[in-house]
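Take a look at the letters that make up each chain.
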Amino acid sequence: MVDVWARLEPHLASVQKPARYIGCELCAEVPPPSPHRVGWLLVYPDTYEIGLPNQGLQILYEILNERPDARAERTYAPWTDLEEVLRRENIPLFSVDTHRSADEFDVLAFNLSAELVYTNVLNCIDLAGVPVRSRERRAVHPLIGAGGHATYNPEPLADFLDFVVLGDGEEVVGEINAAVAAWISGGRTARIDVLRALAGIEGVYVPALYEPRYLPDGCLEVTAPIDAAAPAVVEKRTIADLGEWPYPKQQIVPLTEVVHDRLNVEVFRGCTRGCRFCQAGMITRPVRERPADQVREMVQQGIRRTGYDEVALTSLSTADFSGIEDVVMSAMDDSVGCGNVSVSLPSLRVDAFTVGVAAQIQKARRTGLTFAPEAGSWRMRQVINKLITEEDLYAAVDSAFSQGWRRVKLYFLVGLPTETDEDTLGIVELASRCLQLAKEKGHNGSVTVSVGGFVPKAFTPFQWFGMNTEEELRRKVNLLRDAARHAKGVQLKWHDTRASLVEGLMSRGDRRLGPVIEHVWRAGGTFQEWSEHFRLDLWEAAMEAHGLDMDWYCHRHRTEHEVLPWDHLSAGLHKDFLWQDWRDSLDELGLEDCRWTPCYDCGACTGYSIEHVVASAVPPAGGSQGTGQNLLWGTEVPVVLGARKSSQVPV
Amino acid sequence: MKIQQRVRFTKLGKIRFLSHRDLARIWERSLRRSGVQVAYSEGFSPRPRLSFGLALSTGHESLGEYLDIDLARDVDPLELPGIVNPSLPDGMVAQIACAIEPGIPSLQQAVISSTWRITLADVPVDELTEGLERVLGADELPIVVERKGNKITLDARPAILALTQDDVVLEAELASQPRSLRPAELLRAIDPNWGDGRVLRTHQWTLVDGARREPIPLGDLSSRGATPTPHAGARA
Ligand code: SF4
């Protein structure tokens, strides 16, 4: 075993935040290396501060370390100053748990939560001393895998990844481990043998066993298997019951500062609100709630084991959890024995009910609340199916200010399909109206508007939409800046529109982008999600060098029958359901939440013979629930919300 | 009535790269995890009432760090180390605790100097000896240091209370009052080319009735049969 600590230590005093490389956290136990255990190095390709709290990685870490035939350690992307040291001193990438060299592991498994980290993936593979291209690796090299939301279109990384996991990792990780263990005990024969075995596992995609063919116009003709072991379509994995997977049991408690530094308990997975821009909501269907008793137990045990004084109940929309009030109250119950525990709901629904729950939680320290109306006009919100009425928003903000919060933050997207300047300017109008309402009631508060450029993602109804150009996004941001100047008290923040462009390129790109990523990485373009390191010029130069057109990838509307780079993968969603939803969107037609109404047969349940796991058959109380209707407890939800207009594809 | 205890602990090994702020957070969580009930501050955002002594620089090790804890419920000080140690990371060990009188000066006020052991493996022994002689013979030793973001010039000589050498290891007692001098500053004052070396704080000192004492009196240690820290006896 090669422990790099002794070589690393003398240099740590000279790098920024050395504590992120020492490990030593309180966490689940890592068994010692043994030939009977497959060694996994779980890699988060961004800094320790961002990566450590990642729940997906922590869940797999525990599940693997509980198995008798596996062991898992973690690592994170070294910051540029340490990378310089590693390259200069010839020190390989290492695990933070035991400081073992990365190339001693059998599997390097990357968590891909976002597209801008792709060059960091290559950098980590290279720092591990492994060839970046999968076809250049031999049997001695670790297998390079990836999972996480960005893997629903893994094609831009197809040249670099040996295998890709679609969907929930809890079950499939064991099956992968078994396949790798069998290959190792069989004497590490040719690499293709283990790749074929992996391709036979449901939910595992092996890019090397497929080949894309292109049409003369540059569009895809098909991505087809070239090996008998590869299925024509790779389906995602879905765990039927979250209650069977109460992980992490021993959340890792970092010794140094990280984001989301608190106990996190996932209360449900999946969301069927049906927001059309939201990839997370689409690919994680159906809704699977954790039993309320298990939530309580995980909170109590978690607080006791970690020493945290804050717990976040996480999901895509926690206020939708059946009986959320009871769960929140019991989580804060003193019988936990720790006292002074605060609860946070990171994703608030926009209505007064939610603010009421938040008020029960945050007795002290009411500084800021965040809501995400996402669009400035009701028309636009129907297009994106985020059916929050203005009244919902005003009620929520009014309730927040009257209960003592002083700052409200509102999240919006610009560059949505069919968006006009009127819709865009509606953002500032909404915000100033919120502020005005507060003032009329004598509250003293501020409203911050945070704007991001919309990036269409795979497996959403907007996957066919040509995103706004960078100039157009910037023009819209400028419109908002001008308007906000006249709206006193409204503060505006916006994301770098250039970064959205590269995110858009990767999100819907194909295998021809592999050389582009490699080009940018070789030119030093790592940590692209960090504004101080982002280099649009590198991406533009790389596209040009490889004869590719940014416009064609990012700004072109796709047609109904165009073959998409992820058509040989499946998130369960039928393509015709998504297409219909896209047409409905252009008709400004809202779609109900199928948790509480009849199924639309999108495919996420019906295709895999699973269903929603929801404790309450009725929608939660208060506000419009994002249904656009006024509902009380127990009332039926109407299915159709608007009349159908003739469909028009935007130009 | 306030219940306060003072704890001595180590910071050794990999965790030497933790910052002072990191240490505070780790102590808060470890105390919670081990069920020790700490008193909270009043106000908008109550925090556990812990106060630390002089900050140890990131990267330095220590055999003698101190922490004062306001307890909400009393614990036998003899048992406190055993209660919290399982919750502390490797390299951080609570060695001893004792009750302290409310109202005694805070650690920050009380500690007047620290003893440091500085290992300079890359510097020839002769060069070390020469450097030491030069410094000890000097009446004045002006150096530029940074304090609260400002560069100031101060005379380092009066802050060097003792300085000895054993092979490549220097042992220095440096004042923290009225003017403080840090180990890295001492080295720079002797020879800017020496680098930072490996630094270990072995003791912190307070003044009680004109005598130099450790912040947890040794009398407390021996009379209660607790394990004394290495070297504590030799300096008493
Ligand atoms: S299959 Fe039906 S019930 Fe399940 S998520 Fe899709 S629309 Fe909803």
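The rules behind each value
- Residues numbered from 1 in each chain as written.
- Chains lettered and ligands numbered in written order.
- Predicted model: local features only at pLDDT ≥ 70, side-chain atom pairs only at ≥ 80, totals over all residues.
- Heavy atoms only, no water.
- Axes fitted to C-alpha atoms, helices over the stretch in contact; angles between N-to-C directions.
- Helix = DSSP H or I, 4+ residues; strand = E, 2+ residues; numbered from the N terminus.
- Parallel < 35°, antiparallel > 145°, perpendicular 65-115°, else oblique.
- Left-handed = near helix turned anticlockwise from the far one by under 90°.
- Contact = heavy atoms within 4.5 Å.
- Nonpolar A, V, L, I, M, F, W, Y, C, P; charged D, E, K, R; others polar.
- Buried area = accessible area lost by both parts, 1.4 Å probe.
- Salt bridge = Lys/Arg side-chain N within 4 Å of Asp/Glu carboxyl O.
- Polar contact = N/O pair within 3.5 Å; in protein donor to acceptor, adjacent residues only side chain to side chain.
- Expected span 1.5 Å × (residues − 1).
- Buried < 20%, exposed > 50% of the residue type's maximum accessible area, 1.4 Å probe, protein only.
- Arc of directions from axis to C-beta.
- Phe/Tyr/Trp six-rings, centres within 6.5 Å; stacked < 30°, edge-to-face > 60°.
- pLDDT = per-residue confidence, 0-100.
- Pairing = 2+ DSSP bridges.
- Patch = residues over 30% accessible without salt bridge, like charges linked within 9 Å, V, L, I, M, F, W, Y side chains within 5 Å.
- Areas by Shrake-Rupley, 256 points an atom, 1.4 Å probe, with all protein chains shown as cover.
- Lys, Arg positive; Asp, Glu negative; His and termini not counted.
- Charge placed at Lys NZ, Arg CZ, Asp CG, Glu CD.
- Core = buried A, V, L, I, M, F, W, Y, C linked by side-chain atoms within 4.5 Å.

Looking at the packing of helix α1 (residues 5–12) of chain A against helix α4 (residues 80–89) of chain A
Residue and element names in this part refer to chain A. Remark: α1 packs on α4, axes separated minimally by 11 Å, with the N-to-C direction vectors making an angle of 130°. By the angle class used here, α1 and α4 are oblique. Between α1 and α4 lies a crossing of right-handed hand. Contact residues: α1 offers Arg7, Leu8, His11 and Leu12, while α4 offers Leu82, Val85, Leu86, Arg88 and Glu89. Grouping the amino acids of the contact of α1 with α4 by side-chain chemistry returns 5 nonpolar, 1 polar and 3 charged.

A word on the interface of chain B and chain A
By a widely used convention, the size of an interface equals the accessible area lost when the partners come together. With 19 residues of chain B at the contact, the number on the chain A side is 30 residues. In total, chain B and chain A occlude about 2,200 Å² of area from one another, counting both sides; carbon and sulfur atoms represent 53% of this. On the chain B side of the interface with chain A, the three residues burying the most area are Lys14(B), Phe17(B) and Arg32(B), jointly 33% of the side's total. Where chain B meets chain A, there are 6 salt bridges. Among the salt bridges present, the one from Glu257(A) reaches Arg25(B), with a minimum N-O distance of 4.0 Å. Run the count over chain B and chain A and you get 9 residue pairs in polar contact (both at pLDDT 80 or more). Counting residues per element, the side of chain B that touches chain A draws most heavily on helix α1 (residues 20–33) of chain B, which supplies 7 residues.

Considerations on helix α9 (residues 292–306) of chain A
Between its first and last C-alpha atoms α9(A) spans 21 Å; for 15 residues at 1.5 Å apiece the expected length is 21 Å, and the two agree. Where α9(A) is concerned, the buried positions are Gln294(A), Val295(A), Met298(A), Val299(A), Gly302(A), Ile303(A) and Thr306(A). Along the long axis of α9(A), the arc covered by the buried residues comes to 160°, so they all point the same way. Each element contacted by the buried residues of α9(A) is listed here: β10 (263–266), β13 (310–314) and α10 (324–331) of chain A together with α1 of chain B.

Quick notes on the pattern of salt bridges
When their charged atoms lie close together, side chains carrying opposite charge are able to pair. Residues and elements named next belong to chain A. Applying the stated criterion across every chain, the model contains 67 salt bridges over all chains. As a salt-bridge pair, Arg133 and Glu518 come within 2.7 Å of each other at their nearest N and O atoms. Highlighted residues: Arg133 in the loop between α5 (118–127) and β4 (143–147) and Glu518 in helix α17 (residues 514–522), separated in sequence by 385 residues. The burial state of Arg133 is the same as that of Glu518; both residues are buried. When salt bridges with common partners are traced through the structure, they connect Asp168, Glu170, Glu266, Arg269, Arg288 and Arg290 into a single cluster.

Description of the packing of α17(A) against helix α18 (residues 536–545) of chain A
All names here are of chain A. Where α17 contacts α18, the two axes come as close as 9 Å, and the packing angle between them is 135°. On the basis of their axis angle, the class for α17 and α18 is oblique. You can see that α17 and α18 cross each other, and the crossing is right-handed. Here Val516, Ile517, His519 and Val520 of α17 come into contact with α18, specifically with Leu538, Trp539, Ala542, Met543 and Ala545. Partitioning the contact of α17 with α18 into residue classes produces 8 nonpolar, 1 polar and no charged.

Remarks on the packing of aromatic side chains
The relation between two aromatic rings is expressed through the spacing of the ring centres and the mutual angle of the planes. In this structure the tally under the stated criterion is 16 aromatic pairs over all chains. An angle of 75° between the planes, with centres 6.2 Å apart, marks the rings of Trp5(A) and Phe17(B) as edge-to-face. Highlighted residues: Trp5(A) in helix α1 and Phe17(B) in the loop between β1 (3–11) and α1, drawn from two different chains. Of the two residues, Trp5(A) and Phe17(B), neither departs from the other in class, the shared state being buried. Measuring from centroid to centroid gives 5.0 Å for Trp552(A) and Tyr553(A), while their planes differ by 85°, and the two rings are edge-to-face. In textbook terms, an aromatic cluster arises when at least three aromatic residues are bridged by ring pairs, as seen for Phe454(A), Phe462(A), Phe465(A) and Trp582(A).

Focus: the confidence of the model for chain A
On average, residues of chain A score 90 in pLDDT, and 93% of them are at 70 or above. Contacts for the low-pLDDT stretch residues 623–651 of chain A, under 50 throughout, to residues beyond four places or in other chains number 64 contacts.

Notes on unusual backbone geometry
Generally, phi is negative for residues other than glycine and the peptide bonds are trans, each holding for most cases. All names here are of chain A. A cis amide bond links Tyr247 to the next residue, Pro248, at an omega of -10°. Within the element layout of this structure, Pro248 appears in the loop between β9 (234–235) and β10. Omega for the bond connecting Arg285 with Pro286 falls within 30 degrees of zero, at -10°, which places this linkage in the cis form. Phi angles above zero are rare outside glycine, and Cys24 is one such case at about 65°. With respect to the helices, strands and loops of the structure, Cys24 is situated in the loop between α1 and β1 (38–44). Since its relative accessible area comes to 25%, Cys24 is described here as partly exposed. Positive phi outside glycine occurs at Arg188, with the angle close to 45°.

Here's the deal with the sheet that holds strand β6 (residues 204–205) of chain A
Residue and element names in this part refer to chain A. What the 6 strands build is an open sheet, ordered β2-β1-β3-β4-β5-β6; its pairing is mixed. Edge positions in the sheet fall to β2 (70–76) and β6, since each of these pairs with one other strand and no more. Taken together, the 5 bridges between strand β3 (residues 107–111) and β4 define a ladder with parallel strand orientation. Bridge pairing in β4 places Asn111 opposite Gly147.

Thoughts on a negative patch on the surface
A cluster of acidic residues, Glu390(A), Glu391(A), Glu422(A) and Glu429(A), forms a negative patch on the protein surface. Tracing the chain through its elements places Glu422(A) in helix α14 (residues 421–440).

Looking at the side chain of His141(A)
Residue and element names in this part refer to chain A. Summarising the element assignment, His141 is placed in the loop between α5 and β4. With a relative accessible area of 14%, His141 lands in the buried category. A polar side-chain atom of His141 sits 2.9 Å from the main-chain amide nitrogen of Arg138. Contacts of His141, omitting those with residues within four sequence positions, involve Gly129, Val130, Pro131, Arg188 and Arg191.

A short note on the nonpolar core
Counting 227 residues, the largest nonpolar core has Trp40(A), Phe110(A), Ile176(A), Leu198(A), Leu313(A) and Trp27(B) as its most contacted members. The element contributing the most residues to this core is α14(A), with 8 residues. When neighbours within four sequence positions are excluded, Leu198(A) is seen to be in contact with Phe163(A), Ile176(A), Ala179(A), Val180(A), Val204(A) and Val206(A). Ranked by size, the runner-up nonpolar core spans 28 residues in total, among them Ile160(B), Val168(B), Ala175(B) and Ile190(B).

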